Amino acid sequence: MNTEFSSKAVLEAIRSVVQSDNTSISLHEPKLAGNEWTYVKECLDTGWVSSVGKFVDRFEDDLAAYTGAKRAIAVVNGTAALHICLILSGVVPGDEVLIPALTFIATANAVSYCGAVPHFIDSEEKTLGVDPGKLAAYLEDIAEQRQDGCYNRITGRRIKTLVPMHTFGHPLDIEPLLKICADFRIELVEDAAESFGSFYKGRHTGTFGRLAALSFNGNKIMTTGGGGAILTDDEELGRLAKHLTTTAKIPHRWEFNHDMIGYNYRLPNINAALGCAQLEQLSAFLDNKRALAGRYAQAFSEVPGVRFIREPEYCRSNYWLNAIILDEDFRNMRDEILEVTNSAGIMTRPAWTLMHRLPMFTDCPHMNLTISKSLVRRLVNIPSSAGLV
Ligand SMILES: *Cc1c(COP(=O)(O)O)cnc(C)c1O
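Residues numbered from 1 in each chain as written. Predicted model: local features only at pLDDT ≥ 70, side-chain atom pairs only at ≥ 80, totals over all residues. Heavy atoms only, no water.

Student: Explain the sheet that holds strand S9 (residues 203–204) residue by residue, including any values.
Tutor: An order of S9-S8-S13 is seen for the three strands of this open sheet, with the pairing classed as antiparallel. A single partner strand is all that each edge strand has here, and the edge strands are S9 and strand S13 (315–316). One ladder, built from two bridges, connects strand S8 (residues 199–200) with S13; its direction is antiparallel. Note on S13: the bridge partner recorded for Phe199 is Arg316. (Pairing = 2+ DSSP bridges. Helix = DSSP H or I, 4+ residues; strand = E, 2+ residues; numbered from the N terminus.)

Written out as structure tokens, the structure reads:
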């Protein structure tokens, strides 16, 4: 067997799975093969295209039924969902919110929208999500309990909420995080934007924290064009989430009264129509993605120096975005792989730039981020559309 690393071998492994006929292959495309036309046409025919309509109600009910959450509130996008989740978890200006450094910008932006400060924490290689052991040790070091919660002894700010994120759809180790949050009196909001259809020990991701955010952006496992949702088991928080995302208007036949500063974050009916049609196809998407991941795993088992990322133990992942990771010895080869594959018309992408390196967040607190740095250096996302199988 050839034990020399070569980026050509990576390209050939991807090609053997996606069977490129020389057309270019994107990283992730939506598949609109169900009742999308019918439902959207119904919106157009009836004039119910905007902020109210039966598809919004149906979409929310379907989401709650599928995930097992008591309430699902549909909103304009996943970032808005996160924003409302953070407000409802009690974050106020000046608080700190713990988030992974290895995440999409939306997680950090939502914290900033609250006037709070993101505090970046490390991830573990096993799940690509927040490392519970490292977080617990860190909090032992920096946290101090006061009357109204957990404080960062170094900055003097309150640490109100933790937002773990299920990276590329792979569930992170959520159980120990729940315990840490209970011990340290920190709220837990899940960023489940990437993990719709992923389960941890049989339970849907996004139903563990007090609140969770989903995303239905065009590149996610299913799409509403743009959209998102808030999940919660708490009836009162569910009611408040609906109220806050619909301008906090007090229901009345003609009066316009509002009792809080609300947001115009509701999902239009026409987008919810797409969501209902996509949800009908979710189990087919999940099957396709699992089959694609299986083929990648097989193809990469023969490529020295790289590992295809599989779902963590006890979890069923949606395999939203596939990724390979280079062995430490070949950590300098990432850019060559990106060059070779993208030049060949196969779109690949590195992980996000770590949040603490972005100009808006360089002054924010962070723990030692050794693993996140190593992951970013070695990780490459590869084509993952459900339509590839
Ligand atoms: C997609 C995504 C979001 C939400 O994104 P929107 O584009 O606003 O729907 C939030 N967090 C993560 C990690 C994401 O990948």
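Student: Give a detailed account of the site of the ligand, specifying residues and quantitative values.
Tutor: The ligand sits among 16 residues. The nearest are Gly78, Thr79, Glu194, Ser215 and Lys220. Here Glu194 contributes a side-chain N or O atom positioned 2.5 Å from an oxygen atom of the ligand. For the ligand, an oxygen atom lies 2.7 Å from a polar atom in the side chain of Ser215. Contact with the protein chains removes 93% of the 380 Å² of surface that the ligand exposes when unbound. Elements represented by at least two residues in the shell around the ligand include exactly helix H4 (78–88) and helix H5 (105–113). Broken down by element, the residue count for the shell around the ligand peaks at three residues, all from H4. (Near = heavy atom within 4 Å. Polar contact = N/O pair within 3.5 Å; in protein donor to acceptor, adjacent residues only side chain to side chain. Areas by Shrake-Rupley, 256 points an atom, 1.4 Å probe, with all protein chains shown as cover.)

Student: Help me get a handle on the pairing of strand S1 (residues 71–75), residues and values and all.
Tutor: Of all five residues in S1, four are buried; the element is thus mostly enclosed. Bridge count between S1 and strand S11 (residues 228–232): five bridges; the pairing is antiparallel. Looking at the pairing, Ala74 lines up with Ala229 of S11. (Buried < 20%, exposed > 50% of the residue type's maximum accessible area, 1.4 Å probe, protein only.)

Student: Provide a residue-level description of the domain arrangement of the chain, including the pertinent values.
Tutor: Partitioning the chain into domains gives domain 1 (7–31 + 282–388) and domain 2 (36–280). Counting from both sides, the interface comprises 44 residues of domain 1 and, opposite them, 51 residues of domain 2. Three residues stand out in domain 1 for area buried against domain 2, namely Leu282, Trp352 and Met367, and they jointly supply 21% of the buried area on that side. Between Glu125 and Arg378 there is a salt bridge, and its shortest N-O distance comes to 2.7 Å. On the surface where domain 1 and domain 2 come into contact, there are 24 residue pairs in polar contact (both at pLDDT 80 or more). Breaking the side of domain 1 that touches domain 2 down by element, the ones donating at least two residues are helix H10 (282–300), S13, strand S14 (323–326), helix H12 (370–378) and strand S16 (379–381). Top contributing element to the side of domain 1 that touches domain 2 by residue count: H12, with six residues. (Domains from an automatic or database assignment. Contact = heavy atoms within 4.5 Å. Buried area = accessible area lost by both parts, 1.4 Å probe. Salt bridge = Lys/Arg side-chain N within 4 Å of Asp/Glu carboxyl O.)

Student: I'd like a rundown of the nonpolar core, residues and numbers included.
Tutor: Counting 105 residues, the largest nonpolar core has Phe59, Leu135, Leu139, Leu162, Ile186, Phe196 and Ile230 as its most contacted members. The element contributing the most residues to this core is H4, with seven residues. When residues of this core are sorted by domain, at least three fall in each of domain 1 (7–31 + 282–388) and domain 2 (36–280). Counting residues in hydrophobic clusters, the runner-up holds 25 residues, among them Phe5, Tyr296, Ala299 and Val306. (Core = buried A, V, L, I, M, F, W, Y, C linked by side-chain atoms within 4.5 Å.)

Student: Outline the sheet that holds strand S15 (residues 349–350), listing residues and values.
Tutor: What the four strands build is an open sheet, ordered S12-S14-S16-S15; its pairing is antiparallel. The open sheet has two free edges, formed respectively by strand S12 (306–308) and S15, since each of these has just one partner strand. Looking at chain direction, S12 and S14 are connected through three bridges and run antiparallel. Looking at S14, one finds that Arg307 is bridged to Ile325. Along the sheet face, helix H11 (residues 334–343) touches S14, S15 and S16 and points at about 20 degrees away from the line of S16. (Axes fitted to C-alpha atoms, helices over the stretch in contact; angles between N-to-C directions.)

Student: Can you explain the packing of aromatic side chains? Please cite residues and give values.
Tutor: Under the criterion given, the structure shown has twelve aromatic pairs. On the basis of an interplanar angle of 70 degrees and a centroid distance of 6.2 Å, the ring pair of Tyr66 and Phe199 is categorised as edge-to-face. With Tyr66 in helix H3 (residues 54–67) and Phe199 in strand S8, this residue pair connects regions lying 133 residues apart in the sequence. Judged by relative accessible area, which is 29%, Tyr66 ranks as partly exposed. One aromatic cluster in this structure is built from Phe59, Tyr66, Phe196, Phe199 and Phe216. When the ring centre of Phe104 is taken as reference, the NZ or CZ atom of Lys220 above it lies at 6.0 Å. The residue whose ring lies beneath Lys249 is Phe256, and the NZ or CZ to ring-centre distance is 4.8 Å. (Phe/Tyr/Trp six-rings, centres within 6.5 Å; stacked < 30°, edge-to-face > 60°. Lys NZ or Arg CZ within 6 Å of the ring centre and 35° of its normal.)

Student: Provide a residue-level description of the side chain of Thr224, including the pertinent values.
Tutor: Inspection of the secondary structure assignment puts Thr224 in the loop between strand S10 (211–215) and S11. Look at Thr224 and you get buried, because its relative accessible area is 0%. Among the polar contacts listed, one links the side chain of Thr224 to the backbone oxygen of Gly226, at a separation of 2.9 Å. Those residues in contact with Thr224, other than ones at most four positions away along the chain, are Phe59, Phe216, Leu267, Asn271, Leu274 and Gly275.

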